[in-house]
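Chain by chain, the residues run as shown.
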Amino acid sequence: MIKKIFFQLVFFNFLFVGKVFSAESGGMPQLNPEFWFSQIFWLSITFGILYIVLSKLILPKISSNLEQRKSQISDNIEAADKQREASETKLKEYDEIILKSKNEAKNIYNQAREKAIKDINVKKEILDKQIEEEIKKAEDEISELKQGAPEKITKIAIETSSELIQKLIGNEINNSSISAIVDDLSKKNRSKYYGN
Amino acid sequence: MAANPMSQFEVYRIGPEIKVGAFDISFTNASLFMVISSLAILIIFNLGSKKNSLLPNKLQLLTELSYNFVSKMIGDTAGSKARPYFAFIFSLFMFVLFCNMFGMIPYTFTVTSHIIVTFMLATFIFIGVTIIGFIKHGFGYLKLFVPSGVPIVLLPLIVVIEIISYLSRPISLSVRLFANMMAGHTMMKVFGGFVISLGIVGGWLPLSFSVALTGLEILVAFLQAYVFAILTCIYLNDALNLHH
């Protein structure tokens with residue numbers, strides 16, 4: 001039921017609209033020349049004023065605004081670039097100084113080290129010499145003692161044996177005969193005592 | 001009156017009748033909207049260019065964006081030689097755009113929906129471009145009608161076609177804008193009329209159409225202004241850089 005009414009409404013309304021279109025008598029108002037001159041006149045006045053004001057006052061201003069902004073921005077960029085370059089050179093300088101001072105420190109260290117090593121070597125040589133001398137001295141003494149030892153021992157042996165014989169026998173005996181015997185003995189046993 | 005979709009295009013006098021000789025130059029509703037559009041353009045662009053801050057405010061951004069937009073449009077189509085005509089094309093684009101856009105407000109009058117207005121603009125452009133062409137190239141400008149690399153046999157035909165197409169430029173330019181604006185507004189009016197006549201029951205469908213059409217018409221309003229301006233640039237390019 002409602003559907004039917006709805007479709008009827010739609011249908012009759014289209015009829016109504018059609019009637020309106022057909023009832024229109026004037027056609028397009030655009031083709032009515034009554035106000036053509038008025039429109040041309042006012043168009044030229046308004047558009048002319050618009051053109052003159054825009055071209056003489058407003059557009060140059062906008063253009064200069066844009067230029068100004070562009071130049072300002074490019075100036076700022078340039079300044080930033082310059083500052084960056086300056087900071088880069090400063091950084092380089094700083095790096096160089098650091099490198100230089102590092103090298104210097106290395107040099108000083110190396111020099112000190114060489115000097116210390118030299119000193120140590122010199123002292124070591126002196127000490128070595130002294131030690132060698134002392135060793136030589138000691139060796140000399142030892143060899144002297146070694147060389148003197150058999151004679152002394154022989155002497156002691158002769159004296160001891162003469163005293164021993166005197167005590168045992170009560171007679172004095174010629175030292176020379178005793179020494180001959182001792183020499184003989186010691187020659188026999190030499191290798192046994194001294195190992196050579 | 002409300003039911004007639006064409007009644008929105010009617011021109012009527014506002015104030016007294018002014019006559020200069022045989023010509024009626026009375027102030028009409030069309031004149032009113034031309035004045036309003038021009039004033040709106042001037043006010044917006046004046047405010048937008050008044051003070052120059054490094055970070056532009058919204059209005060300044062709008063003016064600078066439109067400046068760059070038109071500048072780029074001219075540079076792309078007509079090259080650097082068209083620089084002196086920048087102000088004219090800018091005014092033309094803005095005038096047509098604002099007239100179209102003001103026409104989208106209900107109960108307003110669309111200036112550009114009148115053939116006489118668009119035809120006057122197009123004729124002015126046509127005559128101006130032709131004069132520029134003859135000044136720049138002398139009679140060499142007529143070479144525009146003789147394309148290079150065409151067989152001799154076809155040449156008379158081509159020349160005739162070229163001349164006709166050249167002469168029909170103001171008509172095509174004006175009719176394109178006028179017909180688009182008129183058709184769009186008529187259609188919106190018709191759908192609006194359907195909403196009223198179908199009432200609360202059936203009016204929703206045309207209403208939704210009407211809403212969609214409004215969006216479309218705003219797009220068309222911008223697009224037609226753009227097309228009008230860019231065709232002007234192309235004609236100017238023909239006159240400035242003669243290579244056909």
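Scope of this entry: the structure provided in the associated data block. Everything numeric here is computed off the predicted structure, so don't read it as measured data.

1. Focus: the overall build of chain A
Reasoning step 1: For chain A, the count of helices and strands is 3 helices and 0 strands.
Reasoning step 2: Of the regular secondary structure in chain A, the N- to C-terminal order runs α-α-α.
Reasoning step 3: Buried residues in chain A amount to 8% of all 196 residues.

2. Side note on helix H2 (residues 36-169) of chain A
Residues and elements named next belong to chain A.
Reasoning step 1: Taking 1.5 Å of rise per residue, the 134 residues of H2 would be expected to cover 200 Å, and the 187 Å separating its terminal C-alpha atoms lies within 8% of that figure.
Reasoning step 2: Taken as a whole, H2 carries its principal kink of about 45 degrees at Leu 54.
Reasoning step 3: Within H2, only 13 of the 134 residues are buried, leaving the element largely exposed.
Reasoning step 4: Downstream of H2 by a residue or two, Gly 170 has a phi angle that is positive, lying close to 90 degrees.

3. Regarding the nonpolar core
Reasoning step 1: Ranked by size, the top nonpolar core spans 58 residues in total, and within it Ala 30, Ile 89, Phe 93, Phe 95, Val 96 and Leu 236 of chain B carry the most contacts.
Reasoning step 2: Contributions of two or more residues to this core are made by H2 of chain A together with helix H1 (29-50), helix H2 (58-78), helix H3 (86-103), helix H4 (115-137), helix H6 (169-202) and helix H7 (204-240) of chain B.
Reasoning step 3: Take this core: its biggest share by element is 10 residues, from H3 of chain B.
Reasoning step 4: Look past the residues within four positions of Phe 95 of chain B in its chain and what remains in contact with it is Phe 47 and Leu 50 of chain A together with Ser 37, Ser 38 and Ile 41 of chain B.

4. Description of the packing of H1 of chain B against H3 of chain B
All names here are of chain B.
Reasoning step 1: It is the contact of H1 with H3, at a shortest axis distance of 9 Å, that shows an interaxial angle of 120 degrees. Between H1 and H3, the crossing angle belongs to the class labelled oblique. In this structure, H1 crosses over H3, and the sense of that crossing is right-handed. For the pair formed by H1 and H3, the contact residues are Phe 33, Ile 36, Ser 37, Ser 38, Ala 40 and Ile 41 on the first element and Met 94, Phe 95, Phe 98, Cys 99 and Phe 102 on the second.

5. Notes on the packing of H2 of chain A against H3 of chain B
Reasoning step 1: Axis separation between H2 of chain A and H3 of chain B bottoms out at 9 Å; the angle between their running directions is 125 degrees. When the interaxial angle is binned, H2 of chain A and H3 of chain B end up oblique. Like other packed secondary-structure pairs, H2 of chain A and H3 of chain B cross with a definite hand, here right-handed. Listed contacts from H3 of chain B to Phe 47, Leu 50, Tyr 51, Leu 54, Ser 55 and Leu 59 of chain A of H2 of chain A are Ala 87, Phe 88, Phe 90, Ser 91 and Phe 95 of chain B.
Reasoning step 2: Here the residues of the contact of H2 of chain A with H3 of chain B are counted per class, giving 9 nonpolar, 2 polar and no charged.

6. Quick look at the interface of chain B and chain A
Reasoning step 1: Every contact between the two is made by 43 residues of chain B and, on the other side, 37 residues of chain A.
Reasoning step 2: Only strand S2 (23-24), H1, H2, H3, H4 and H6 of chain B provide two or more residues apiece to the side of chain B that touches chain A.
Reasoning step 3: Here the element with the most residues in the side of chain B that touches chain A is H1 of chain B; it accounts for 10 residues.
Reasoning step 4: Of the residues belonging to the side of chain B that touches chain A, the class tally is 26 nonpolar, 14 polar and 3 charged.

7. A short note on H2 of chain B
Given 3.6 residues per turn, any residue in an α-helix points the same way as the ones three and four places further on.
Reasoning step 1: Between its first and last C-alpha atoms H2 of chain B spans 30 Å; for 21 residues at 1.5 Å apiece the expected length is 30 Å, and the two agree.
Reasoning step 2: Buried within H2 of chain B are the following residues: Gln 60, Thr 63, Tyr 67, Val 70, Ile 74 and Ala 78 of chain B. One face of H2 of chain B carries all of its buried residues, which in axial projection span an arc of 110 degrees. Along H2 of chain B, exposed side chains directed more than 90 degrees from the buried face belong to Lys 58, Leu 61, Leu 65, Asn 68, Lys 72 and Asp 76 of chain B.
Reasoning step 3: Check the buried side of H2 of chain B and you find it contacts H2 of chain A together with H1, H3 and H7 of chain B.
Reasoning step 4: Trailing H2 of chain B by a residue or two, Gly 79 of chain B shows a phi angle of about 80 degrees, which is positive.

What counts and how
- Residues numbered from 1 in each chain as written.
- Chains lettered and ligands numbered in written order.
- Predicted model: local features only at pLDDT ≥ 70, side-chain atom pairs only at ≥ 80, totals over all residues.
- Helix = DSSP H or I, 4+ residues; strand = E, 2+ residues; numbered from the N terminus.
- Buried ≥ 20, exposed ≤ 12 C-beta atoms within 10 Å, placed from the backbone.
- Expected span 1.5 Å × (residues − 1).
- Bend = angle between axes of the 7 residues up to and from the residue.
- Core = buried A, V, L, I, M, F, W, Y, C linked by C-beta atoms within 7 Å.
- Contact = placed C-beta atoms within 7 Å.
- Axes fitted to C-alpha atoms, helices over the stretch in contact; angles between N-to-C directions.
- Parallel < 35°, antiparallel > 145°, perpendicular 65-115°, else oblique.
- Left-handed = near helix turned anticlockwise from the far one by under 90°.
- Nonpolar A, V, L, I, M, F, W, Y, C, P; charged D, E, K, R; others polar.
- Arc of directions from axis to C-beta.

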